[in-house]
Amino acid sequence: MKRGDRLRFTVDNLAFGGDAVGRAADGRAVFVGGAAPGDTVEAEIDEVKPKFARARLRLVVSPGAERVAARCPLVAECGGCQWQEVSITAQRAAKQVIVERALGRLGATIGPLATPCPDFGYRTRARFTVGENAIGYQSRRSHAVVDVASCPLLDPALDAALATAREFFRSVLPRGASLAGLVGSEGAVHLAVDGGPRSLADRATELIGRSGIVGIVLDGNHRLGASDVDTSDPGEPAFFGAADGFAQASASGNRLLRQLVREAIPVAAQNILELHAGDGNFSRDLAAGGRALRAIEGDAAAVGRLRKNVPAAEARCEPVERAAARLAGAGERFDLVLLDPPRAGARPILPSLARMTDRIVYISCDPMTLQRDAAELAALGFTVDEARGIDLMPHTYHVEVVARFSRRTKEAGSS
Ligand SMILES: C[S@@+](CC[C@H](N)C(=O)[O-])C[C@H]1O[C@@H](n2cnc3c(N)ncnc32)[C@H](O)[C@@H]1O
């Protein structure tokens, strides 16, 4: 097999990262984007490795049972989602297998994938990039930007606000700039623009009040109008987020994620350490009922919102690496440590965590780095007791995992 060869094969499943996978006649796995399980495809080989190859879809010779019509006309070119032409059932089955492969070997009980989001209109936060005459998501196949006039995955209020903002900024923002939006529970939208010209502050104010836009932050420091939006669930105290900060991708998904976190807090846990706390999304539940919570977050603006959102938490702006070493060095102990790292995971801090607690709840947006970190925790004397995937982003390959770890007892460790 060599680059440029055209192969015909049937797709078996879907891989983390978004590609579909089939097998070439020589047994090598072939990764190809845009295909669905059961499809027979013709694909052109782009890259050959000893155990696998990457190919470009040229033709769907015969569609499989899991292929469905996409709602979005940009599906062939836009990299915003990967699996819109795959049935939601097959997407979910693939995500469950991804979680099982990541943690099953360590003996974890893997719960069924939770599916809290509607298939479309669920995204309450999005970030577009500015390209050549285009504002949207990166292309599936190149670094070019695809012009996205509307995205069916977005909450309609966010979609409308981003459409207005795109037109407003189209002739103003240079290539490489970005435009992000976060919609609150009442449909109010907060925008963040990075990389625009200095003169933008005077003009951007005109956008406030249009299509639900209540505030804009420029380059993370110049705030126009409202500085945040309330993203709380009905009946809950206000909870403020901003388009230049982190928020989970969907409100309904986050509601379930928070519920799983609440269920993972042992009754006896009274003294908790939270790392990667963001605006305090989980802090509000962790600090409930009078529990003592120390919350660590590296982004100063997020810590400002955390203090406003969860006054009961002892919030500190500090890199988690430094905080973990400092607390472990001081001999601190916690009934529970919860961490929610970015994709890169949390490997460097795990030895410090192991010195401070017997219970860890790890929230991961990347099963591959979670797998690596779970193996490290196993080497540090922990068992992964239970894990559950959550489909927070239908039509993409992303899957969130909540995993609970506890220190192995001596008997279990020696068996
Ligand atoms: C996946 S987000 C989770 C935020 C929050 N738990 C939530 O649910 O909204 C990860 C957070 O970790 C923070 N972060 C990333 N690396 C960090 C580091 N080395 N030290 C401290 N905070 C960090 C980011 O600023 C971000 O707020």
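An account of the accompanying structure is given in this report. The numbering scheme is per chain: residues are counted from 1 as the chain's sequence reads. Local features in this predicted model are restricted to residues whose pLDDT is 70 or higher, and side-chain atom pairs enter the listing and the counts only when it is 80 or higher, whereas totals over whole chains, interfaces and linings include all residues. Remark: hydrogens and water are excluded; side-chain values derive from all non-hydrogen atoms of the structure.

## Topic: the nonpolar core
Soluble globular proteins tend to bury their nonpolar side chains together.
Piece 1. If you look at the biggest cluster of nonpolar residues, it comprises 67 residues, and the most contacted ones within it are Phe169, Leu191 and Ile216.
Piece 2. Take this core: its biggest share by element is 6 residues, from helix H2 (residues 156–169).
Piece 3. Only heavy atoms enter the contact rule, under which two residues are in contact if any of them lie within 4.5 Å. When residues no more than four places from it in sequence are discounted, the contact partners of Ile216 are His190, Leu191, Val193, Ala204, Leu207, Ile208, His222, Arg223, Leu224 and Ala226.
Piece 4. Ranked by size, the runner-up nonpolar core spans 36 residues in total, among them Val99, Ile110, Leu275 and Ile296. Definition of nonpolar core: a set of buried residues of the types Ala, Val, Leu, Ile, Met, Phe, Trp, Tyr and Cys, connected through side-chain atoms within 4.5 Å. Think of it in three bands: with a 1.4 Å probe and only protein chains considered, a residue is buried below 20% of the maximum accessible area for its type, exposed above 50%, and partly exposed in between. Helix numbering and strand numbering both begin at the N terminus, where a helix is a DSSP run of H or I of at least 4 residues and a strand a DSSP run of E of at least 2.

## So, the sheet that holds strand S13 (residues 222–225)
Piece 1. Should DSSP find at least two bridges between two strands, the strands are taken to pair. Spatially, 7 strands are ordered S9-S8-S7-S10-S11-S12-S13 in an open sheet, and the strand pairing comes out mixed. Two strands bound the open sheet, and with one partner strand each, they are strand S9 (145–147) and S13. Adjacent strand axes in the sheet meet at a mean angle of 30 degrees when their direction is disregarded.
Piece 2. The sheet contact formed by strand S11 (residues 189–194) and strand S12 (residues 213–218) spans 5 bridges and is parallel. Across the sheet, His190 pairs through a bridge with Gly215, a residue of S12.
Piece 3. Axis lines are fitted to C-alpha atoms, over the contacting stretch for helices. Their N-to-C directions set the angle, which ranges from 0 to 180 degrees. Lying on the sheet, H2 is in contact with strand S7 (125–131), strand S8 (134–138), S9, strand S10 (178–183), S11 and S12; it crosses S10 at an angle near 155 degrees.

## Quick notes on the site of the ligand
Piece 1. Neighbouring residues are identified by heavy atoms, a residue being near a molecule or strand if any of them is within 4 Å of it. Neighbouring the ligand are 17 residues, the closest being Gln248, His276, Glu297, Val320 and Asp340.
Piece 2. Contact distances for the ligand include 2.9 Å between an oxygen atom and a side-chain N or O atom of Gln248.
Piece 3. Between Gly298 and the ligand, the recorded distance is 3.0 Å, taken from a backbone N or O atom to a nitrogen atom.
Piece 4. Note on areas: Shrake-Rupley with a 1.4 Å probe; residue coverage comes only from the protein chains shown. Contact with the protein chains removes 83% of the 590 Å² of surface that the ligand exposes when unbound.
Piece 5. Ten residues, namely Ala, Val, Leu, Ile, Met, Phe, Trp, Tyr, Cys and Pro, are considered nonpolar, four, namely Asp, Glu, Lys and Arg, are considered charged, and the remaining ones, Gly among them, are considered polar. Its residues assigned to classes, the shell around the ligand comprises 7 nonpolar, 5 polar and 5 charged. Here a polar contact means two N or O atoms within 3.5 Å. Within protein one must be a hydrogen donor candidate and the other an acceptor candidate, and residues neighboring in sequence count only if both atoms are side-chain atoms.

## Looking at the pattern of salt bridges
Piece 1. Each salt bridge in this description consists of a side-chain nitrogen of Lys or Arg and a carboxyl oxygen of Asp or Glu lying within 4 Å of one another. Enumeration according to the criterion identifies 35 salt bridges in this entry.
Piece 2. The partner of Arg166 in a salt bridge is Asp147, and the shortest N-O contact between them spans 2.7 Å. Of this pair, Arg166 sits in helix H2 while Asp147 sits in strand S9, and the two are 19 residues apart along the sequence.
Piece 3. By relative accessible area, Arg166 is classed as buried at 2%.

## Quick word on unusual backbone geometry
Glycine aside, residues mostly have negative phi, and peptide bonds are mostly found in the trans state.
Piece 1. One non-glycine residue with positive phi stands out, namely Asp219, at about 50 degrees.
Piece 2. Here Asp219 lies in the loop between S12 and S13.
Piece 3. With a phi close to 60 degrees, His276 is a non-glycine residue in the positive phi region.
Piece 4. Taking the relative accessible area as the measure of exposure, His276 reaches 16% and is therefore buried.

## Details of the sheet that holds strand S1 (residues 6–14)
To summarise the sheet geometry, strands pair through backbone hydrogen bonds and adopt either a parallel or an antiparallel arrangement.
Piece 1. If you walk around this closed barrel you meet the 5 strands as S1-S2-S3-S5-S4, and the pairing is mixed. Sheet twist, expressed as the average angle between the axes of neighbouring strands with direction ignored, equals 50 degrees.

## What to know about the environment of Arg123
Piece 1. Topologically, Arg123 is positioned in the loop between strand S6 (109–110) and S7.
Piece 2. Residue class for Arg123 comes out buried when judged on its relative accessible area of 11%.
Piece 3. When the C-alpha positions of Arg123 and Leu154 are compared, they lie 4.5 Å apart, and in sequence the two are 31 residues distant.
Piece 4. Apart from residues lying up to four places away in sequence, Arg123 is in contact with Tyr137, Leu153, Leu154, Asp155, Leu158, Ala249 and Met393.
Piece 5. Within the local environment of Arg123, its side chain forms a polar contact with the backbone oxygen of Arg125, the two atoms lying 3.1 Å apart.

## A closer look at the side chain of Arg305
Piece 1. Topologically, Arg305 is positioned in helix H6 (residues 300–309).
Piece 2. Under the relative-accessibility criterion, Arg305 is labelled buried at 6%.

## Remarks on the packing of aromatic side chains
Piece 1. Ring pairs are drawn from Phe, Tyr and Trp, using the six-membered ring of Trp, whenever the two centres fall within 6.5 Å, and their geometry is named by plane angle: stacked under 30 degrees, edge-to-face over 60, tilted for the rest. The tally for this structure, following the rule as stated, stands at 4 aromatic pairs.
Piece 2. When the ring of Phe16 is compared with that of Tyr397, the centres are 5.1 Å apart and the planes differ by 90 degrees; the resulting orientation is edge-to-face. Remark: Tyr397 occurs in the loop between strand S21 (382–390) and strand S22 (400–407) and Phe16 occurs in the loop between S1 and strand S2 (20–23); sequence separation between them is 381 residues.
Piece 3. For Phe16, a relative accessible area of 23% gives the class partly exposed.

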